[in-house]
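So the chains spell out like this:
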There are 2 protein chains.
Amino acid sequence: MPFELTILGCSSALPTSKRNPSAQLVNLLGRFFLIDCGEGTQVQLRKHHFKIQKINYICISHLHGDHYLGLIGLLSTMSLLNRTKELIIFSPKGLLKILNLHLKLSYSKLSYPVKIIPLEGNGMKKIFEDDVLELHSFGLKHRIPCWGFKLIEKKAPRKILRNRIDKYSIPLRYIKSIKLGHDYVMDNEDIIANDQLTSDSHVPRSYVYCSDTKYFNKLSDYACNADILYHESTFHSNLTNKAKSTFHSTSKQAAQVALDANVKKLIIGHFSSRYKNLNVLQEDARSIFNNVELAKEGKVWKIKKEYSHENNY
Amino acid sequence: MPFELTILGCSSALPTSKRNPSAQLVNLLGRFFLIDCGEGTQVQLRKHHFKIQKINYICISHLHGDHYLGLIGLLSTMSLLNRTKELIIFSPKGLLKILNLHLKLSYSKLSYPVKIIPLEGNGMKKIFEDDVLELHSFGLKHRIPCWGFKLIEKKAPRKILRNRIDKYSIPLRYIKSIKLGHDYVMDNEDIIANDQLTSDSHVPRSYVYCSDTKYFNKLSDYACNADILYHESTFHSNLTNKAKSTFHSTSKQAAQVALDANVKKLIIGHFSSRYKNLNVLQEDARSIFNNVELAKEGKVWKIKKEYSHENNY
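The residue count restarts for each chain, going from 1 along the sequence in the order it is written. For this description, chains carry letters from A and ligands carry numbers from 1, given in the order in which they are written. Local features in this predicted model are restricted to residues of pLDDT 70 or higher, and side-chain atom pairs are both shown and tallied only at a pLDDT of 80 or more, whereas totals for entire chains, interfaces and linings draw on every residue.

## Let's talk about the overall build of chain A
Right, on to step 1. Looking only at helices and strands, chain A has ten helices and 18 strands in total.
Right, on to step 2. Considered along the principal axes of its C-alpha atoms, chain A spans approximately 75 × 55 × 35 Å.
Right, on to step 3. Each residue is classed by its C-beta neighbour count within 10 Å, where at least 20 other C-beta atoms makes it buried, 12 or fewer makes it exposed, and intermediate counts make it partly exposed; the C-beta atoms are placed from backbone geometry. Counting the 313 residues in chain A, one finds 43% classified as buried. Labels follow the DSSP assignment, with helices taken as runs of H or I lasting at least four residues and strands as runs of E lasting at least two, numbered in each case from the N terminus.

Have a look at this one:
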């Protein structure tokens, strides 16, 4: 089952003719999370042939326009397409007022229930979980209240080794118990240890989204060991003072977070419109951390499963 | 001096990957009017290489999302680009609340003054004029309060015939008076009639925008004799009942308005996403009125100057 990230927009506040404002889609085991929803997101979803009704959850990092102004249009379109399934939105307080005002002025109702879960607090906090994943938020340091998000896959059950089941002629009714970690007792009372019948599942994968923020040490704790860290990189390090005064980060600062957090891959985005050639930002980051890629609209990153060394089968 | 229309978006409520929601730009003698501002309008303006700070006036027909959800982003961008010039917005009541809520939640201020002039009443009403043009609004019949707009050029002063001025050796200081329609008295007291020294200026041009509306007779009065009428044409006439129940128009109904109003050209737009090939809508309209064109993003229509038959020079 996939864990993949699609970038839909990676400009900062001023969009360009080639870069849309912030939005990205994460598919974690068939749960679809839209993270931020800048103006034009619904058209970006269409351009990349994505069915918008598949979206189950929307995470809005903060209420600057370039991170949420596409939301009302997207919600309206879901309604026009007769959605009935509940939509859960994680957002700073205030979004409900915006939604209600729009619905009132347009004499509209949505065809489906929306549950808005307000983001709160500074530290890392679990805000949602189901049987396969957890979603955490963490406070960033921007000009207005702003949060980042961490999506973590839960550890999957151990995997049955089919050839071993066949070898010991184990009846199917015992499979569930073996998956849960139990040993198997043969008719002759010999015990087959569980690790002879199963292999460990893959190492749980994780993705971290650092929206608009100035650099601070604690970020690397939040991003710790992520498979992919997406970090804003509005400016080159030769504009470090501007980054500080506007509560944004430079490419080098994003890379420093990636290095300290020991992530596998860093994707930088939220580029200032002044950069036509983004390679200067990639090079800036690479002076600190090697595995850096540039966010690009429509590009998909898949996080592959990896296994610990226990499995020799 | 030009009078030209650029279409920036011509989809109805559901945008497609090729058609953006409603927005268009009218340049009337260097005054730039943005008419409606659906999501993505600022990117459309950039794509078509238009400097957004040139916009002096914005007309919002109604508060359905596909006609205004690009406005907050556009106003923010104007501010980020340090606009100082006043912007005048003609809009249904309620827009001020939306703008104020956004500014409050994003802890922002605009760098320039915005004057919002609320649209009111049913009939045709002059809502703005300067030395060269008039802007009128007129009530439409949609599911929520909705207005159309008529932009009318004022009659320009008569034009000096340079060769006649030279022929009678008229000193330059008399030119202003002659432009205003006065005759010229020679030193020998012969009178040269003004129409020997000037020609009539061109016939004033006009443009009419009919936003979302169901068909009603009075529309043709509002659009009377326009050089170009843009009329919504959400459906083909084989969906007349659907048009009626959703308070929209068919292509044939748009054409009927054009015919009754004796306009020179009809442009149809606001197309339902169900139509991939728009020619069926154009053919539908042409069964009633011949000079029909399809709105297309980025396409520019210029309204040429025409002169009455008085001028034989």
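## Here's the deal with the nonpolar core
Right, on to step 1. Counting 138 residues, the largest nonpolar core has A223(A), L229(A), L266(A), A223(B), L229(B) and L266(B) as its most contacted members.
Right, on to step 2. The contact rule is simple: place each C-beta atom from the backbone, and if two of them lie within 7 Å, those residues are in contact. The contact partners of L229(B), leaving out residues within four places of it in the chain, are V208(B), C210(B), A223(B), V257(B), A258(B), A261(B), V263(B) and L266(B). Note on definitions: a nonpolar core is a set of buried residues drawn from Ala, Val, Leu, Ile, Met, Phe, Trp, Tyr and Cys, linked by C-beta atoms within 7 Å.

## Side note on the sheet that holds strand β17 (residues 292-294) of chain A
Residues and elements named next belong to chain A.
Right, on to step 1. Strands are labelled as partners when DSSP assigns at least two bridges between them. Read from one edge to the other, the open sheet built from seven strands follows the order β7-β8-β9-β14-β15-β16-β17, with strand pairing classed as mixed. Looking at which strands have only one partner, the edges of the open sheet turn out to be β7 (125-129) and β17. When strand polarity is set aside, the average angle formed by the axes of neighbouring strands in this sheet is 20°.
Right, on to step 2. Bridge count between strand β14 (residues 206-210) and strand β15 (residues 228-232): four bridges; the pairing is parallel. Of the residues in β15, the one forming a bridge with V208 is L229.
Right, on to step 3. Most of the contacts of helix α9 (residues 251-261) go to β15, to which it runs at about 155°, and overall it touches β15, β16 (265-269) and β17.
Right, on to step 4. Helix α10 (residues 279-286) contacts β16 and β17 of the sheet and is inclined by roughly 165° relative to β17. Axis lines are fitted to C-alpha atoms, over the contacting stretch for helices. Their N-to-C directions set the angle, which ranges from 0 to 180 degrees.

## Focus: the domain arrangement of chain A
Right, on to step 1. Marked domain ranges trace back to an automatic or database domain assignment. For chain A, the assigned domains read domain 1 (3-156 + 201-302) and domain 2 (159-199).
Right, on to step 2. The centre of domain 1 of chain A, based on its C-alpha atoms, is set 43 Å off from the matching centre of domain 2 of chain A.

## Section: the relation of the copies chain B and chain A
Right, on to step 1. Only residues with pLDDT of at least 70 in both copies contribute their C-alpha atoms to the least-squares superposition of the copies. Mapping chain B onto chain A calls for a screw motion: a turn of 180° about the axis and a shift of 0.0 Å along it, with 0.1 Å RMSD after fitting. The operation mapping one copy onto its partner corresponds to a two-fold rotation axis. Nearest to the rotation axis, the C-alpha of G40(B) is located 2.6 Å from it, this being the minimum over chain B.
Right, on to step 2. Of the interface residues in chain B, 100% have counterparts in chain A that sit at the interface too, so the contact is made through matching surfaces.

## Section: the interface of chain B and chain A
Right, on to step 1. Each side of the interface is counted separately: chain B has 32 residues, and chain A has 32 residues.
Right, on to step 2. Those elements that provide at least two residues to the side of chain B that touches chain A are α1 (41-47), α3 (71-80) and α4 (95-105) of chain B.
Right, on to step 3. We call Asp, Glu, Lys and Arg charged. Ala, Val, Leu, Ile, Met, Phe, Trp, Tyr, Cys and Pro are nonpolar, and the rest, Gly among them, are polar. A breakdown of the residues in the side of chain B that touches chain A according to their chemical character gives 13 nonpolar, 14 polar and five charged.

## Re unusual backbone geometry
All names here are of chain A.
Right, on to step 1. A positive phi is found at F247, a non-glycine position, where the angle reads about 60°.
Right, on to step 2. Relative to the helices and strands, F247 is located in the loop between α8 (240-245) and α9.
Right, on to step 3. Given 17 C-beta atoms within 10 Å, F247 falls into the partly exposed group.
Right, on to step 4. A positive phi is found at N262, a non-glycine position, where the angle reads about 55°.
Right, on to step 5. Its place among the elements puts N262 in the loop between α9 and β16.

## Some words on the environment of R286(A)
Right, on to step 1. Position of R286(A) among the secondary structure elements: in helix α10.
Right, on to step 2. Residues R286(A) and L266(A), 20 residues apart in the sequence, show an inter-C-alpha distance of 10.0 Å.

## Observations concerning the pairing of strand β8 (residues 133-139) of chain A
Residue and element names in this part refer to chain A.
Right, on to step 1. Most of β8 is tucked away: five of the seven residues are buried.
Right, on to step 2. Strand direction decides the pairing type here: β7 and β8, joined by four bridges, are antiparallel. If you follow E129 over to β8, its bridge partner there is E134.
Right, on to step 3. Between the end of β7 and the start of β8, which pair antiparallel, lie three residues.
Right, on to step 4. Across seven bridges, β8 lies against strand β9 (residues 147-153) in antiparallel orientation. Bridge pairing links E134 to I152 in β9.

## Looking at the packing of helix α4 (residues 95-105) of chain A against α4(B)
Right, on to step 1. α4(B) packs onto α4(A) with a crossing angle of 170° between their chain directions and a minimal axis gap of 11 Å. Accordingly, the angle class assigned to the pair α4(A) and α4(B) is roughly antiparallel. Residues K97(A), I98(A) and L101(A) of α4(A) form the contact with α4(B), whose participating residues are K97(B), I98(B) and L101(B).
Right, on to step 2. Tallied by class, the residues present in the contact of α4(A) with α4(B) amount to four nonpolar, no polar and two charged. Put simply, angles under 35 degrees are roughly parallel, angles over 145 are roughly antiparallel, angles from 65 to 115 are roughly perpendicular, and the rest are oblique.

## Quick notes on α10(A)
All names here are of chain A.
Right, on to step 1. The complete set of buried residues in α10 reads L281, D284 and A285. Buried residues of α10, viewed axially, fall in a sector of 95°; they line one side. Pointing more than 90 degrees away from the buried face of α10 are the exposed residues N279 and E283.
Right, on to step 2. On the buried face of α10, the contacting elements are α9, β16 and β17. Here, the arc refers to the directions that run from the helix axis to the C-beta atoms.

## Some words on the confidence of the model for chain A
Right, on to step 1. Each residue gets a pLDDT score, which is the predictor's confidence in that residue and runs from 0 to 100. For chain A, the mean per-residue pLDDT works out to 95, and 98% of the residues sit at or above 70.
Right, on to step 2. Two numbers describe this predicted complex: its pTM, 0.92, and its ipTM, 0.90.

## Here we look at α9(A)
All names here are of chain A.
Right, on to step 1. Burial analysis of α9 places nine of its eleven residues in the buried class, the great majority of the element.
Right, on to step 2. The elements touched by buried residues of α9 are α7 (219-222), β15, β16, α10 and β17.
Right, on to step 3. Backbone geometry just after α9 places N262 at a positive phi near 55°.

## Some words on the environment of Y230(A)
Residues and elements named next belong to chain A.
Right, on to step 1. You can see Y230 is positioned in strand β15.
Right, on to step 2. Taking the number of C-beta atoms within 10 Å as the measure of exposure, Y230 has 31 and is therefore buried.
Right, on to step 3. It is 9.5 Å that separates the C-alpha atoms of Y230 and E293, two residues lying 63 residues apart in sequence.
Right, on to step 4. The residues touching Y230, leaving out its near neighbours within four places in the chain, are Y209, C210, I267 and G269.

## Concerning the sheet that holds strand β8 (residues 133-139) of chain B
Whether parallel or antiparallel, the strands of a sheet pair through hydrogen bonds between backbone atoms.
Residue and element names in this part refer to chain B.
Right, on to step 1. Taken in spatial order, the seven strands make up an open sheet running β7-β8-β9-β14-β15-β16-β17, and their pairing is mixed. Only two strands of the sheet have a single neighbouring strand rather than two, namely β7 (125-129) and β17 (292-294). For this sheet the average axis-to-axis angle between neighbouring strands, irrespective of direction, equals 20°.
Right, on to step 2. Its contacts with the sheet put helix α10 (residues 251-261) on β15 (228-232), β16 (265-269) and β17, and the angle it makes with β15 is roughly 155°.

## What about the packing of α10(B) against helix α11 (residues 279-286) of chain B?
Residue and element names in this part refer to chain B.
Right, on to step 1. Where α10 contacts α11, the axes come no closer than 7 Å and their chain directions differ by 40°. Considering their axes alone, α10 and α11 lie oblique with respect to each other. α10 and α11 meet at a crossing whose hand is right-handed. Each of S251, K252, A254 and A255 in α10 lies in contact with α11, whose residues at this interface are L281, D284 and A285. For any pair of crossing helices, the crossing counts as left-handed if the nearer helix is rotated counterclockwise from the farther one by less than a right angle, and right-handed if it is rotated clockwise.

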